[in-house]
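# Observations on the three-dimensional arrangement
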Amino acid sequence: QVQLVESGGGLVQAGGSLRLSCAASGRIDSYAVGWIRQAPGQEREFVAGISWNGGTDYADSVKGRFTISRDNARKMVYLQMNSLKPEDTAVYCCAARIGAAVVVPANYNYWGQGTQVTVSS
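What comes next is a walk through the structure. (Residues numbered from 1 in each chain as written. Predicted model: local features only at pLDDT ≥ 70, side-chain atom pairs only at ≥ 80, totals over all residues. Heavy atoms only, no water.)

All right, on to the environment of Ala 14 then. Tracing the backbone shows Ala 14 in the loop between β2 (10-13) and β3 (18-24). The contacts of Ala 14, once residues within four sequence positions are left out, are Leu 84, Pro 86, Val 119, Ser 120 and Ser 121. (Helix = DSSP H or I, 4+ residues; strand = E, 2+ residues; numbered from the N terminus. Contact = heavy atoms within 4.5 Å.)

Rendered as structure tokens:
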């Protein structure tokens, strides 16, 4: 079992950048980690995922703007978010599962509490 803690959220103007961090309590070498967001009144939305072998996947809405990366030695996963838009406003959670990243949020087994990202226009 792995516990996850997110950090790095905040308030930023449209066009700005933020880097989210996800710290794991144990080794994550065999885990995929995804970033999933949820805006008020909306369903959870897959944003980006990185598999155990480094393979990545992105939602179409963030391709070219967001980059997911991992540092297994530090037990960290990052989400670099550039060219932020007001529609990116949401609570961002990192989540983990064994193996490959998937786009269905319900298929992740371990979740952090989330960090708020607010993008002003």
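Our focus in this paragraph is the sheet that holds strand β8 (residues 76-81). Two strands in a sheet stick together by hydrogen bonds in their backbones, pointing the same way (parallel) or opposite ways (antiparallel). Across the sheet, four strands lie side by side as β1-β3-β8-β7; this open sheet has antiparallel pairing. Single-partner strands in this sheet number two, and they are β1 (4-7) and β7 (66-71). Each strand axis lies, on average, 15 degrees off the axis of its neighbour in the sheet, ignoring direction. With four bridges connecting them, β1 and β3 associate as antiparallel partners. Each residue of the ladder has a partner; that of Ser 7, found in β3, is Ser 21. (Pairing = 2+ DSSP bridges. Axes fitted to C-alpha atoms, helices over the stretch in contact; angles between N-to-C directions.)

To continue, consider the packing of aromatic side chains. Scanning the model with the defined rule gives one aromatic pair in all. Geometrically, the ring pair formed by Tyr 31 and Tyr 110 is edge-to-face, given 6.1 Å between the ring centres and 65 degrees between the ring planes. On the criterion of sequence distance, the pair formed by Tyr 31 in strand β4 (residues 31-38) and Tyr 110 in strand β10 (residues 110-111) is long-range, its members being 79 residues apart. By relative accessible area, which is 10% here, Tyr 31 ends up buried. Accessibility expressed as a relative area gives 24% for Tyr 110, which makes it partly exposed. Directly above the ring of Tyr 78 sits Arg 19, whose terminal nitrogen or CZ lies 4.2 Å from the centroid. (Phe/Tyr/Trp six-rings, centres within 6.5 Å; stacked < 30°, edge-to-face > 60°. Buried < 20%, exposed > 50% of the residue type's maximum accessible area, 1.4 Å probe, protein only. Lys NZ or Arg CZ within 6 Å of the ring centre and 35° of its normal.)

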